[in-house]
Amino acid sequence: MTLAAAPVPHVAFSDLETADLIVDALYAGGTKGNKSDEAISKLIKGVGNQGGFRYAGSPAKGTVKLAVLYTSGGEVDWPDHLDVETGTFTYYGDNKKPGQGLHNTPRSGNVLLRDVFAASHGTAVDRAKVPPFLLFEKAGTGYSVLFRGLLAPGGPTLTMDDELAAIWRATSGLRFQNYRSHFTVLDHDRIPRSWIQHVLAGGNPLEGGCPDVWRTWVEGRVYRPLLAPVTTTIRSKADQLPTDAAGMSMLEEIREYFRGREHDFEPCAVAIWRLIARNTGPVDVTRPSRDGGRDAVGTYGLGPVSSRIAIDFALEAKCYGAGNSVGVREVSRLISRIRHRNFGVLVTTSYFHKQVQEEVHEDGHPIVLVAGRDIIDALLQDGRTTVGAVRQWLEQSFPKP
């Protein structure tokens, strides 16, 4: 029997001004067809009705009392991303075109990022000046939004360089910098309206119904992330391929680049795996196999640099078209090569058949299945956001013979 999905909590537009903020609840926009329909500005008075950065106060003066981060999820060049399993949210700053300095943006969003991440590494007194961040995501058409959680800058597993980094981009041959930041969604399912009003009125954020997770972060920089392990282990074909035309075009660019020489996809698969698993060590590519794939063996590092252990893994790559799934035969071959306490990685530009996923999951095989969507997500997070950027990466990294 298939269980029906639980309904998403829904708050009507007329109730926004008095509503609490519930994680993953939908807050409806209006119906007039103009900016007055905007949900966030009615939910959080005084933060404005446009842009990704919204706040009460002034970043330039250091007087921001409460901040909102809004993401539409539709900017391919700036792929904001919420990892619901780990509670990590990746957000890009507001310097998204050449012509101005990193901190000279109209909304001063990058100034806000710079200052709050610096304060997060200071004393408890410094962190007390960091405004609470509320994360909202566009929900369908119109001005409705989903509330995704209370954010604290940084994370329990990130270095200072990882938390906030100035990255380079180029448009029309002109280079410029923007911030890539990482926040943690804190483990609190309901933000009371009373606390929001208290903070907006200039009250001490640690009073007035302050969530315990925020107080814990301010006082000791201890993160209690909202962890949500995914229960769906079997992905459909649609779930394994990019959902937008741009992503599909990028994936097709990879397939076409290796068309007729699919053996040569192996080094590319290794590079993609490195983007996903950053602690991957040396990898050796072996000779072509008879079934049209190539193998690689490598190590993955665990532990501190001073006492790191290396776990061996075997990797196989399948440069398949979107209509050709990876089946049991290919995965069985990889399973046969895995030794005790090792693991396997199978990277494909296509998707995995349902039976493959069921067998890997039910039998407990230590195999990572990297499908087409995973490839594109990894490239987007690495800044390869267009077909042209992917083509340039392929040509420079894996030149044709």
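To keep things clear, this report deals only with the structure shown in the data block. Quick caveat, the model's predicted, so the values are computed rather than measured.

## Considering the overall build of the protein chain
Alright, step 1. Counting its regular elements, the protein chain contains 13 helices and 17 strands.
Alright, step 2. Rg of the C-alpha trace for the protein chain: 23 Å, near the compact-globule value of 21 Å for 401 residues, within the 12% margin.
Alright, step 3. Referenced to the eigenvectors of the C-alpha coordinate spread, the extents of the protein chain come out at roughly 70 × 55 × 50 Å.
Alright, step 4. A fraction of 61% describes how many contacts in the protein chain between residues 6 or more apart in sequence connect residues 24 or more apart.
Alright, step 5. Counting only carbon and sulfur atoms, one obtains 51% of the accessible surface of the protein chain, whose full area is about 19,500 Å².
Alright, step 6. Charge separation in the protein chain, taken as the distance between the mean sites of 45 positive and 45 negative side-chain charges, equals 4 Å.

## Regarding the packing of helix α8 (residues 245–257) against helix α12 (residues 372–381)
Helix-helix packing is characterised by the crossing angle of the two axes and by the distance between the axes.
Alright, step 1. The N-to-C vectors of α8 and α12 enclose an angle of 100°; their axes lie 10 Å apart at closest approach. Looking at the two axes, α8 sits roughly perpendicular to α12. Judged by residue contacts, Gly247, Met250, Leu251 and Ile254 of α8 engage Gly372, Ile375, Ile376, Leu379 and Leu380 from α12.
Alright, step 2. Of the residues in the contact of α8 with α12, the class split is seven nonpolar, two polar and no charged.

## Side note on helix α10 (residues 328–337)
Alright, step 1. By the burial criterion, the buried members of α10 are Glu330, Val331 and Leu334. Projected onto a plane normal to the axis of α10, the buried residues spread over an arc of 90° and lie on a single side. For α10, exposure combined with an orientation more than 90 degrees from the buried face picks out Arg329 and Ser336.
Alright, step 2. The inward-facing, buried residues of α10 abut β15 (309–318), β16 (343–348), α11 (354–362) and β17 (367–370).

## Topic: the pattern of salt bridges
Alright, step 1. Throughout the structure, instances matching the rule amount to 21 salt bridges.
Alright, step 2. The partner of Arg215 in a salt bridge is Asp212, with the nearest N and O atoms 3.3 Å apart. In this pair, Arg215 and Asp212 are both assigned in helix α6 (residues 212–220), three residues apart and thus about one turn of the helix distant.
Alright, step 3. One salt bridge connects Arg333 with Asp295, and the closest N-O pair in it is separated by 2.9 Å. One end of the pair, Arg333, is in helix α10; the other, Asp295, is in strand β14 (residues 294–302), with 38 residues separating them in the sequence.
Alright, step 4. Assessed through its relative accessible area of 25%, Arg333 is described here as partly exposed.
Alright, step 5. Connected through shared salt-bridge partners, Asp295, Glu316, Lys318, Arg333 and Arg337 make up one network.

## So, the packing of aromatic side chains
Alright, step 1. Under the defined criterion, the tally for this structure stands at 16 aromatic pairs.
Alright, step 2. Ring plane angle 35° and centroid distance 5.6 Å describe the contact between Phe89 and Tyr91, whose orientation is recorded as tilted. The pair Phe89 / Tyr91 is uniform in exposure class, with both members buried.
Alright, step 3. Within the aromatic cluster, the residues linked to one another by ring pairs are Tyr257, Phe258, Phe265, Trp393 and Phe398.
Alright, step 4. One Lys or Arg, Lys42, reaches over the ring of Phe13 and ends 4.0 Å from the middle of that ring.
Alright, step 5. One Lys or Arg, Arg261, reaches over the ring of Tyr257 and ends 4.9 Å from the middle of that ring.

## Concerning the pairing of strand β5 (residues 66–71)
Alright, step 1. Taking burial as the measure, the six residues of β5 include six buried ones, the bulk of the element.
Alright, step 2. With four bridges connecting them, strand β4 (residues 53–56) and β5 associate as antiparallel partners. Across the sheet, the residue bridging to Ala56 is Leu66, located in β5.
Alright, step 3. Inspection of the sheet shows β5 paired to strand β8 (residues 133–138) by five bridges, in the parallel sense. Bridge pairing in β8 places Leu69 opposite Leu135.

## A closer look at the pairing of strand β7 (residues 88–92)
Alright, step 1. With four of five residues buried, β7 is to be regarded as a mostly interior element.
Alright, step 2. Pairing of strand β6 (residues 81–83) with β7 involves three bridges; the strand directions are antiparallel. Across the sheet, the residue bridging to His81 is Thr90, located in β7.
Alright, step 3. Where β7 and strand β11 (residues 174–185) come together, five bridges link them in antiparallel fashion. Across the sheet, the residue bridging to Thr90 is His182, located in β11.

## Points about the nonpolar core
Alright, step 1. Membership of the largest hydrophobic core comes to 55 residues, with the highest contact counts inside it found for Leu21, Tyr27, Ile44, Phe136 and Trp214.
Alright, step 2. Setting aside residues up to four positions removed in sequence, Tyr27 forms contacts with Val11, Leu16, Ala19, Asp20, Leu21, Ile22, Ala39, Leu43, Ser144, Val145 and Phe147.
Alright, step 3. Counting 33 residues, the second-largest nonpolar core is a separate cluster that includes Met250, Leu275, Phe343 and Leu380.

About the thresholds
Residues numbered from 1 in each chain as written. Predicted model: local features only at pLDDT ≥ 70, side-chain atom pairs only at ≥ 80, totals over all residues. Heavy atoms only, no water. Helix = DSSP H or I, 4+ residues; strand = E, 2+ residues; numbered from the N terminus. Rg over C-alpha atoms; globule rule 2.2 N^0.38 Å. Contact = heavy atoms within 4.5 Å. Areas by Shrake-Rupley, 256 points an atom, 1.4 Å probe, with all protein chains shown as cover. Lys, Arg positive; Asp, Glu negative; His and termini not counted. Charge placed at Lys NZ, Arg CZ, Asp CG, Glu CD. Axes fitted to C-alpha atoms, helices over the stretch in contact; angles between N-to-C directions. Parallel < 35°, antiparallel > 145°, perpendicular 65-115°, else oblique. Nonpolar A, V, L, I, M, F, W, Y, C, P; charged D, E, K, R; others polar. Buried < 20%, exposed > 50% of the residue type's maximum accessible area, 1.4 Å probe, protein only. Arc of directions from axis to C-beta. Salt bridge = Lys/Arg side-chain N within 4 Å of Asp/Glu carboxyl O. Phe/Tyr/Trp six-rings, centres within 6.5 Å; stacked < 30°, edge-to-face > 60°. Lys NZ or Arg CZ within 6 Å of the ring centre and 35° of its normal. Pairing = 2+ DSSP bridges. Core = buried A, V, L, I, M, F, W, Y, C linked by side-chain atoms within 4.5 Å.

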